[in-house]
Amino acid sequence: MSVAQKSVDTIRILSSEAIQKANSGHPGICIGAAPIGYELFADFLNFSYKNPKWDNRDRFVLSAGHGSMLLYSLLHLFGYNVGIEDIKNFRQFGSKTPGHPEYGTTEGIETSTGPLGQGLGNAVGFAVAEAHLAAIFNRPDFPVVDHFTYVLCGDGCLEEGMGYEACSFAGTQKLGKLILLYDKNNITIEGNISTTFAEDPATRFAAQGWQVIRVNDANNIYALKAAIQRAKSDLTRPSIIICRSVIGYGSPLADTADVHGAPMGEENLAKMKEFFNWTEEPFTVPEDVKAHCLDLAEKKLDKEREWLELFNKYEREYPDLAEKYRKFMSGADPDFYDMPELFNFRDAEATRVSGGKILNRLAYAVPNLMSGSADLSPSTKTELKGKGYFSPDNREGCNIHFGIREHAMAAICNGIQLHGGLRIVCSTFFSFSDYMKAGIRMSALMNIPVIYVMTHDSIGVGEDGPTHQPVEQLISLRSIPDIKVFRPCDGKETAAAYMSAFTNSSPTVIVLSRQNLKQHAGSGLTSMTGGYILSDCEGTPDVILIGTGSEIDLCIGAQEMLSGEGIRARVVSMPCMEEFEKQTAEYKEHVLPSEVKARVCVEAASHFSWYKYAKDYGEIIAMHTFGTSAPAGELFKHFGFTKENVVEKAKLSISKVNE
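Reading guide: rules and limits
- Every chain is numbered on its own, with residues counted from 1 as its sequence reads.
- Since the coordinates come from a predicted model, pLDDT governs what is reported: local features require at least 70, and pairs of side-chain atoms require 80 or more to be given and counted, while whole-chain, interface and lining totals use all residues.
- The side-chain values count all of the structure's non-hydrogen atoms but skip hydrogen atoms and water molecules.
- Working definition of a nonpolar core: buried Ala, Val, Leu, Ile, Met, Phe, Trp, Tyr and Cys residues. They are joined through side-chain atoms within 4.5 Å.
- The classification of residues rests on relative accessible area computed with a 1.4 Å probe and restricted to protein chains. Under 20% of the type maximum is buried, over 50% is exposed, and intermediate values are partly exposed.
- The secondary structure listing takes helices from DSSP runs of H or I that are at least 4 residues long and strands from runs of E that are at least 2 residues long, numbered from the N terminus.
- Contacts: residue pairs with any heavy atoms within 4.5 Å of one another.
- Whenever a pair of cysteine sulfur atoms sits within 2.5 Å, that pair is classed as a disulfide.
- For two strands to pair, DSSP has to find at least two bridges joining them.
- Note on definitions: angles span 0 to 180 degrees between N-to-C directions of axes, and those axes are lines fitted to C-alpha atoms, for helices only across the stretch in contact.
- Salt bridge, as used here: a side-chain nitrogen of Lys or Arg that lies within 4 Å of a carboxyl oxygen of Asp or Glu.
- Roughly parallel means an angle under 35 degrees; roughly antiparallel means over 145; roughly perpendicular covers 65 to 115; every other angle is labelled oblique.
- Residue classes follow a fixed rule: Ala, Val, Leu, Ile, Met, Phe, Trp, Tyr, Cys and Pro count as nonpolar, while Asp, Glu, Lys and Arg count as charged, and any other residue, Gly among them, counts as polar.

**Let's talk about the nonpolar core**
Now for step 1: Val 124, Phe 137, Leu 178, Ile 400 and Tyr 452 are the most contacted members of the largest nonpolar core, which has 79 residues in total.
Now for step 2: Here this core takes 12 residues from helix H6 (residues 118-137), the largest share from any one element.
Now for step 3: Each residue touching Tyr 452, except ones within four places of it in the same chain, is listed here: Ala 410, Asn 414, Cys 426, Met 436, Gly 439, Ile 440, Ser 443, Thr 508, Val 509 and Ile 510.
Now for step 4: With 58 residues, the next largest nonpolar core counts Leu 14, Ala 22, Tyr 49 and Ile 87 among its residues.

**Topic: the state of the cysteines**
Now for step 1: In this structure the tally under the stated criterion is zero disulfides.
Now for step 2: Sulfur of Cys 167: no disulfide; nearest cysteine sulfur belongs to Cys 153 and is 7.2 Å away.
Now for step 3: The cysteine Cys 413 is free of any disulfide, with Cys 426 supplying the nearest cysteine sulfur at 3.9 Å.

**Examining the sheet that holds strand S1 (residues 59-62)**
Now for step 1: Strand order in the open sheet formed by five strands is S1-S2-S3-S7-S6, with parallel pairing between adjacent strands. Each edge of the open sheet is held by one strand with a lone partner, namely S1 and strand S6 (211-215). Adjacent strand axes in the sheet meet at a mean angle of 20 degrees when their direction is disregarded.
Now for step 2: Summarising the sheet, S6 and strand S7 (residues 239-244) pair through five bridges and their orientation is parallel. Looking across to S7, one finds that Val 215 is bridged to Cys 243.

**Section: the environment of Pro 541**
Now for step 1: Along the chain, the position of Pro 541 falls in the loop between strand S16 (532-535) and strand S17 (543-547).
Now for step 2: Here the alpha-carbon distance between Pro 541 and Pro 101, two residues 440 residues apart in the chain, equals 52 Å.
Now for step 3: Aside from chain neighbours lying at most four places away, what touches Pro 541 is Arg 568, Ala 569, Arg 570 and Val 596.

**A closer look at the pattern of salt bridges**
Now for step 1: Tallied over the entire structure, the rule returns 30 salt bridges.
Now for step 2: Notably, a salt bridge pairs Asp 457 with Arg 487, separated by 2.9 Å at the nearest N-O pair. Note that Asp 457 is positioned in the loop between strand S12 (451-455) and helix H18 (473-478) and Arg 487 in the loop between strand S13 (484-486) and helix H19 (491-502), a separation of 30 residues in sequence. The pair formed by Asp 457 and Arg 487 is uniform in burial state, with each residue classed as buried.
Now for step 3: Residue Glu 619 pairs with Lys 656 through a salt bridge whose shortest N-O separation is 2.6 Å. With a gap of 37 residues between them, Glu 619 in strand S20 (residues 619-623) and Lys 656 in helix H25 (residues 643-658) connect regions that are remote in the sequence.

**A few points about the environment of Glu 659**
Now for step 1: You can see Glu 659 is positioned in the segment after H25.
Now for step 2: For the pair formed by Glu 659 and Asp 217, sequence separation is 442 residues and the distance between their alpha carbons is 79 Å.

**Describing the packing of helix H16 (residues 406-419) against helix H17 (residues 433-446)**
Now for step 1: Where H16 contacts H17, the axes come no closer than 6 Å and their chain directions differ by 20 degrees. Judged on the interaxial angle alone, H17 and H16 are roughly parallel. Along the contact surface, H16 presents Glu 406, His 407, Met 409, Ala 410, Asn 414 and Leu 418, while H17 presents Tyr 435, Met 436, Ala 438, Gly 439, Ile 440, Met 442, Ser 443 and Met 446.
Now for step 2: In terms of residue class, the contact of H16 with H17 is made up of nine nonpolar, four polar and one charged.

Written as structure tokens, this is what we have:
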């Protein structure tokens, strides 16, 4: 037996032992796809185990994230900081080997995967970023950005709608440095896919503009090698290598769903070891395998050394470009406090319009910015003017036509952000954020600063009706940990939202209006705190009016009416609850003093966000139903979003306090 084949079998056994010890996991793909993983790491993937974040490394994404033990075994064998104790602690609390790959937890993990299809979208984003940066920085004889993105998926990733969206986009964009290794074993949790996925993937991918390559036996590492070489030789289109594998190969449960998502059991594990003539003690890597894989990993360090030499020459030849490259890759943010024009707004206008102006002002201070839309940039106002559109003919273009592919757009943007060197903004109508929820959630889980611009923020959308009027979306996104959701009331608050987004590591959703909003004298930089006193009264207020977005104007109007009746009201703008909750207890008490129990919360969306601020005596003016089709002004009046109703609710709250 060759040492290469012995290495493949080591991956199979090590993965299966870890899953059995954890009594949890997915052994089938780890066993069946082991030759694919080995061949890629051994002969193709350029990486530096001593410097896992080397800029010009090839990226590998395990889209079928349930096969995480396959990846951990590969990382262990090829020198990464994943020791045998980490393998033994698979799926245990606090380990570096969690049940699905988690970005930031384990060296060598490029992105968190698990929800099927997300990794495939991420990989497309990696390839977009590589192509864009290569166009900006490469010069003849100086390919300083030159690497491939490899992604391993299974049948499930391609059954998801994400697969169609992302692969269609990749084919249209001719992303030739993207190679998809499709572990086609025809088994999912419920069994054979003959009744769920009977189409011909080869025809589908050919129609989407991909090079299609077949490997009829995934156990044939020589055929796999030839296939990957062929894929790399055609840079005019992405490539899919359809690898026919047997799930759980060599075990008594092979080619059945029983080996997909559960440990195979000690007896079956023992029989599989017999099949592979395996006599080593549990969790033992044979010495020749260990030496072989580490030798391959050491040789790959030469690629990094060669690249560093190339970059040193590049720096001497193109010093300005080299400095620009460093700035891109360092992710340094501009000094927003030297940009007073960001807050220059006078006339009433929709915050989507204000946001477009701000984004274009920022585009010249953030040269590594890209912006994309799901076919809605004329409405979301997120096009970077004069920056061109990314395409096969213009890789330097900073705008991206994602087409009507919201689900893939979010995942692709995660990949662009994860690649390094770029900042990414993407946009659509707020009601369509439901299509993007999985990708937004992954941004938050990985704590990466993707910026989501969601316009047409409320029933103010008007005549388009309830299908386009977001009601529950604010509370849905606010419920995601580690994300910021801004709903600004005017241009200055919108500028502050962008400043917060660009100066923090977490993802940000900026929710903007279609309808015109007044500019308020007290708004601005303070709104970065998430909640602040926009307009105050003399002395201790009798009631606090709290709102966001377009409803702030109602609060201001109600404050004036209440003042005329001798009732002191404070208006608090709460554009971002998440940021407000980060403030000190003293600051929050200053803005919302606990002694003032009369409160009215106003937002043209679901009421569920507001109970913690309304408390026992407060009133909430919000949506309890879907909207309807009518002019916006009529809708606001119909659903109680008037300054008169705010006044009425304020008096009611005061009366409850005084009872």
